[in-house]
There are 2 protein chains.
Amino acid sequence: MAHVLSGRAETPTQSRILTYVRDEGPLSRMDLASRLNVSRTTVAAEVGRLVELGLAEDGGPAASRGGRRSTLVDLDAGLRFVGIELGATSMRVAMTDGRLGVLARAAAPEADIRRGPESVLGEAIALVRKLLADHGVERPAGIGIGVPGPVDFQSGVPVSPPIMPGWDGYPVRDALSREFGTPVLLDNDVNVMALGEQHNGVARSASDFLFVKIGTGIGCGIVVQRHLYRGADGCAGDIGHIRLEQDGPLCACGNQGCLEAFFGGAALARDATTAARSGRSGVLAQLLEQRGALTAADVGSAIGQGDAVALQLARDGGRRVGSVLANLVSFFNPDLIVIGGGVAGLGHSLLAEIRSVIYRQSLPLATGNMPVVLSELGGDAGVIGAARLISDAVYAAG
Amino acid sequence: MAHVLSGRAETPTQSRILTYVRDEGPLSRMDLASRLNVSRTTVAAEVGRLVELGLAEDGGPAASRGGRRSTLVDLDAGLRFVGIELGATSMRVAMTDGRLGVLARAAAPEADIRRGPESVLGEAIALVRKLLADHGVERPAGIGIGVPGPVDFQSGVPVSPPIMPGWDGYPVRDALSREFGTPVLLDNDVNVMALGEQHNGVARSASDFLFVKIGTGIGCGIVVQRHLYRGADGCAGDIGHIRLEQDGPLCACGNQGCLEAFFGGAALARDATTAARSGRSGVLAQLLEQRGALTAADVGSAIGQGDAVALQLARDGGRRVGSVLANLVSFFNPDLIVIGGGVAGLGHSLLAEIRSVIYRQSLPLATGNMPVVLSELGGDAGVIGAARLISDAVYAAG
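Residues numbered from 1 in each chain as written. Chains lettered and ligands numbered in written order. Predicted model: local features only at pLDDT ≥ 70, side-chain atom pairs only at ≥ 80, totals over all residues.

So, on to the domain arrangement of chain A. All names here are of chain A. Partitioning chain A into structural domains gives domain 1 (12-75), domain 2 (81-197 + 381-395) and domain 3 (204-375). Centre-to-centre separation of domain 2 and domain 3, based on C-alpha positions: 25 Å. At the junction of the two partners, domain 2 supplies 19 residues and domain 3 supplies 20 residues. The set of elements that each furnish at least two residues to the side of domain 2 that touches domain 3 consists of strand 8 (151-152) and helix 6 (189-200). A class-by-class count of the residues in the side of domain 2 that touches domain 3 yields 13 nonpolar, three polar and three charged. (Domains from an automatic or database assignment. Contact = placed C-beta atoms within 7 Å. Helix = DSSP H or I, 4+ residues; strand = E, 2+ residues; numbered from the N terminus. Nonpolar A, V, L, I, M, F, W, Y, C, P; charged D, E, K, R; others polar.)

It is worth spelling out the interface of chain A and chain B at this point. Interfaces are often described in size by the accessible area the parts lose on coming together. Of the residues lining the interface, 33 residues belong to chain A; the matching set on chain B comes to 33 residues. Elements that contribute at least two residues to the side of chain A that touches chain B include exactly strand 12 (218-224), helix 11 (308-332) and helix 13 (364-367) of chain A. Per-element tally for the side of chain A that touches chain B: the top contributor is helix 11 of chain A, with six residues. Here the side of chain A that touches chain B is built from residues that sort into 19 nonpolar, nine polar and five charged.

Residue and element names in this part refer to chain B. The buried count for strand 12 (residues 218-224) comes to seven of seven residues, which makes it a mostly enclosed element. Burial along strand 12 is two-sided: Ile-218, Cys-220, Ile-222 and Val-224 facing one way and Gly-219, Gly-221 and Val-223 facing the other are all buried. Turn length for the strand 11 (residues 209-214)-strand 12 hairpin, with the two strands adjacent in sequence and antiparallel, is three residues. Note that strand 12 and strand 13 (residues 227-229) share three bridges and pair antiparallel. Within the sheet, the bridge partner assigned to Ile-222 lies in strand 13 and is Tyr-229. (Buried ≥ 20, exposed ≤ 12 C-beta atoms within 10 Å, placed from the backbone. Pairing = 2+ DSSP bridges.)

Residue and element names in this part refer to chain A. The five strands are arranged 13-12-11-14-15 in an open sheet whose pairing can be described as mixed. Two strands close off the open sheet at either side, each with one partner strand: strand 13 (227-228) and strand 15 (372-374). Of the pairings in the sheet, the one linking strand 11 (residues 209-214) to strand 14 (residues 336-340) comprises five bridges and is parallel in character. Within strand 14, the position partnered with Phe-209 by the bridge is Leu-336.

Take unusual backbone geometry next. Residues other than glycine predominantly adopt negative phi, and peptide bonds predominantly adopt the trans conformation. Residue and element names in this part refer to chain B. The phi angle at Asn-37 is positive, at roughly 60°, despite the residue not being glycine. Within the fold, Asn-37 resides in the loop between helix 2 (29-36) and helix 3 (40-52). Residue classification places Asn-37 among the exposed residues on the basis of 7 C-beta atoms within 10 Å. Located in the positive-phi region is Asn-333, a residue other than glycine, with phi close to 50°. Position of Asn-333 among the secondary structure elements: in the loop between helix 11 (308-332) and strand 14 (336-340). The class of Asn-333 is buried, set by 26 C-beta atoms lying within 10 Å.

Attention now moves to the relation of the copies chain A and chain B. The operation relating chain A to chain B is a screw motion whose rotation component is 180°, with 0.0 Å of axial translation and a residual RMSD of 0.0 Å. Seen this way, the second copy is the image of the first under a two-fold rotation axis. It is Leu-328 of chain A whose C-alpha, among those of chain A, lies nearest the rotation axis, at 3.9 Å. An overlap of 100% is found between the interface residues of chain A and their copies at the interface of chain B, pointing to a shared contact surface. (Least-squares fit on C-alpha atoms with pLDDT ≥ 70 in both.)

All names here are of chain A. Residues at a pLDDT of 70 or more form 97% of chain A, whose mean pLDDT is 91. Residue range residues 1-5 is modelled with pLDDT below 50. Its contacts to residues more than four positions away, or to other chains, number seven contacts. The ipTM assigned to the predicted complex is 0.89, against a pTM of 0.90. (pLDDT = per-residue confidence, 0-100.)

So, on to helix 3 (residues 40-52) of chain A. Residue and element names in this part refer to chain A. An ideal rise of 1.5 Å per residue puts 18 Å on 13 residues; helix 3 measures up with 18 Å between its terminal C-alpha atoms. Restricting attention to buried positions, one finds in helix 3 the residues Val-43, Glu-46, Val-47 and Leu-50. Down the axis of helix 3, the sector holding all buried residues measures 100°, keeping them to one side. Residues of helix 3 that are exposed and point more than 90 degrees away from the buried face comprise Thr-41, Gly-48 and Glu-52. Considering only its buried residues, helix 3 is in contact with helix 1 (12-24), helix 2 (29-36), strand 2 (56-61) and strand 3 (71-75). Gly-54, located one to two residues past helix 3, shows a positive phi value of around 75°. (Expected span 1.5 Å × (residues − 1). Arc of directions from axis to C-beta.)

Next up on the list: the sheet that holds strand 6 (residues 102-108) of chain A. All names here are of chain A. If you trace the five strands from one edge of the open sheet to the other, you get 6-5-4-7-10, paired in mixed fashion. Two strands close off the open sheet at either side, each with one partner strand: strand 6 and strand 10 (184-188). Across the sheet, the mean angle from the axis of one strand to that of its neighbour is 15°, orientation sign disregarded. The sheet contact formed by strand 4 (residues 81-86) and strand 5 (residues 91-96) spans six bridges and is antiparallel. Counterpart to Gly-83 in the pairing with strand 5 is Ala-94. Packing of helix 4 (residues 117-134) onto the sheet brings it into contact with strand 4, strand 5 and strand 6, and relative to strand 5 it is tilted by some 30°. Seen against the sheet, helix 14 (residues 381-395) touches strand 4, strand 5, strand 6, strand 7 (142-147) and strand 10 and runs at an angle of roughly 135° to strand 4. (Axes fitted to C-alpha atoms, helices over the stretch in contact; angles between N-to-C directions.)

Printed below as a string of structure tokens:
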């Protein structure tokens, strides 16, 4: 990163101390010395420097193991990170402590990404400012942000994002960094969601896993040996535009028959509206009349009311997602697949269909130990993952 | 590895010296000191130890740059690696120097993997013994071997390989290691072919690339940031069993409609034979009469004679491979795709079709800078890659 990171770890040993304590909680100096294979004097010196940097603090006496008493090392109690997740039609922000526990949240459920960067980032900045002010935080140690489109991670800008008009090349990272005077990292929304599930969700012990987001769009975060894999141009995981049929429905990307055009949130709303208007589903027709427009969530509540047409929509979508994922399982041989995003709210009828197709179409060797599960963090996955992204940079040796 | 590696690098610095010299040729001590950011005294000491270990030697005076004369460091001229590639119906072995330049080759073009491990490995051992004896080599520094099926890399055994009856769980690595008294590593054939192209072929400067082998079977080696990616169970890249159609031809794996069942070498021979017998292709009919059975190579020579039916077989196959790869490009965003294996001998008519489908079906962002090319090393890719695999282990710090 080009930024000057004030209060950033300076040595690999400091970095490893911070990461251990972030991921496992306060640890005794003795424990750290043995894990890092360095002397207690070295640990004391490095922790001393971390305290000066405002990153660590004394965590009180460790439980005695009979020998000499050791002192716990904890992250500085005042350390704060901010995670921002911009969705296609909503926005969430969260403030975390140094271990990425969420202390406070805010959301703008109606924020439309198509309003362009100045308006949308302006709203995000106002949300973050209020969150910080409400909790007396002057400056967070860093901010992570996820957006629903391809990103050039090195330069911190969106690159030709199909559903984000006006954002191509906009300096999101640098604009936020200037605004808050703190390091910022920008990534794709599915990448930060994958990081969130890895940090504190269902993928904690996974090594090579996929996080599949089914929201307005469909995308996939890829983790290889516990690190995000972004691909040669930063657009790895763009599975929403895998072509299922030559003559399928028109997609936002300009092609026809993409997975997303069959079963993204917009496609699902379209199919539900058609079913409501054609009289095939009384439940959906009633919901349409009440709300004026249908969303993926309405399909979920229709399923809850036992509507067969809504259930079939979920199953058809699940079958299509499953058949794409079955191929990716043969290719990537992951140890876990996590399904998240708004449409994942359809829940177990969707999941059951996805699973059944994957298990049927992939080789037994690749699926023998591979769970397919719903996101555990739900709406928090993105903001926790965004905080995790920037904490990795702040805790990394400079 | 459980083996004792005699003559193996002992420190990270030694390991880096060996790798630099392997990949770039003899380097001066001065150059090495500056690349490794250590003193010339350290380089001298580490090189001294490498000479004792039989891994490095004095490479004569470096070209003067006006200052103090420096001495070149080279790999020991007597260092030998062996690469073995077992195919479904053929076998190749090569002996290389320390930089993995091929010094001698041998092949058994009719070796059928289905004869089982004892017979096939016996033949491979005899080939290697003869190669070593012919060149007065007593013991190679290591042997790498690739086989046409999934492998548990950690334990060095094939795992449920569909086209290798009798090999499941057979201790290939340990049997060879005992036989030759030298370290051995076992991997999948496409993985070693990918390593070969990376070491000395068309993928030298690629970071995240795919090596697609179209031979008797179809498989894919995956390289992530210049390292092989093997997947959670070691079966990543198994794209031959991606399902294209529910009711397609029966595959060796027991399913129907797999890519391999449409266009592996066996499928191509089947389709060519049908075309010959039905009278649709006079050229193929003539070849069938001459040889008694058709192979992928015969389809290639029919194309060379302008046979439209053979050309259409190549195009149909290319279209199917291309459509699978287009999806993988969206998912993996590689910087290069290399096409190799026996069927790749169909050459440019096949390549043109694969390219055209990939470029048409993938997003421009992912394909803008992504070449799709034929293997440069051809039949040598596997044996060079197998030698590279074991050299990485021998040159790695113990």
